[in-house]
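Given next are the chains, with one letter for each unit.
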Amino acid sequence: MSKHTSHNDISKRLKRANGHLKSVITMIEEERSCSEIAQQLHAVEKAISNAKKILIHDHINHCLDDAVKDGSLNSNEILDEFKQITKYL
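It should be emphasised that the depicted structure is a prediction, and the values quoted were computed from it without experimental measurement. (Residues numbered from 1 in each chain as written. Predicted model: local features only at pLDDT ≥ 70, side-chain atom pairs only at ≥ 80, totals over all residues. Heavy atoms only, no water.)

Student: How should I be thinking about the pattern of salt bridges in this particular structure?
Tutor: Should their charged atoms come close, side chains of opposite charge can pair. One pass over the structure, following the stated rule, counts 4 salt bridges. The partner of Asp-9 in a salt bridge is Arg-13, with the nearest N and O atoms 3.2 Å apart. One end of the pair, Asp-9, and the other, Arg-13, are both in helix α1 (residues 7-29), 4 residues apart, so they sit about a helical turn from each other. Between Arg-32 and Glu-36 there is a salt bridge whose closest N-O contact spans 3.3 Å. Its relative accessible area of 37% is what places Arg-32 among the partly exposed residues. Residue class for Glu-36 comes out partly exposed when judged on its relative accessible area of 32%. (Salt bridge = Lys/Arg side-chain N within 4 Å of Asp/Glu carboxyl O. Helix = DSSP H or I, 4+ residues; strand = E, 2+ residues; numbered from the N terminus. Buried < 20%, exposed > 50% of the residue type's maximum accessible area, 1.4 Å probe, protein only.)

Student: Help me understand unusual backbone geometry in this model?
Tutor: Glycine aside, residues mostly have negative phi angles, and peptide bonds mostly take the trans form. In this structure, Glu-31 is a non-glycine residue whose phi angle is positive, near 55°. With respect to the helices and strands, the residue Glu-31 is situated in the loop between α1 and α2 (34-70). Look at Glu-31 and you get exposed, because its relative accessible area is 71%.

Student: What's the story with α1 in this structure? I'm lost.
Tutor: Owing to its 3.6 residues per turn, the α-helix aligns residues three or four sequence positions apart on the same side. Between its first and last C-alpha atoms α1 spans 33 Å; for 23 residues at 1.5 Å apiece the expected length is 33 Å, and the two agree. Directly after α1, the chain includes Glu-31, whose backbone phi takes a positive value near 55°. (Expected span 1.5 Å × (residues − 1).)

Student: Got a minute to help me understand a nonpolar patch on the surface in this structure?
Tutor: A cluster of nonpolar side chains, contributed by Leu-21, Ile-25 and Leu-41, occupies part of the molecular surface with about 230 Å² of accessible area. Among the secondary structure elements, Leu-21 is positioned in helix α1. (Patch = residues over 30% accessible without salt bridge, like charges linked within 9 Å, V, L, I, M, F, W, Y side chains within 5 Å. Areas by Shrake-Rupley, 256 points an atom, 1.4 Å probe, with all protein chains shown as cover.)

Student: How should I be thinking about α2 in this particular structure?
Tutor: In a regular helix each residue adds 1.5 Å, so 37 residues correspond to 54 Å; α2 covers 53 Å between its end C-alpha atoms and thus fits that length. Among the residues of α2, those classed as buried are Ile-37, Val-44, Ala-47, Ala-51, Ile-56, Asp-58, His-59, Cys-63, Leu-64 and Ala-67. The inward-facing, buried residues of α2 abut α1 and α3 (75-86). Positive backbone phi, at 70°, marks Gly-71, one or two positions downstream of α2. (Contact = heavy atoms within 4.5 Å.)

Right under this line is the structure:
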């Protein structure tokens, strides 16, 4: 299977989400307004969701595509792998 080309981007996104999450914890400890906290939580959710989508699409576009081309997996294995990864979308 090929190297995941998106891992650097995903790592950056997750580090950004981690920063947002740390901000949320600080905001809660400082008793900031619920709407401000909710806004930051939304940013965390979106960042993680986008990172997950990129990872799944990269896996389909590269790993599964390479497996088809090089024959390292048979069609049933590829279909099973596709079903497995897409349940997380």
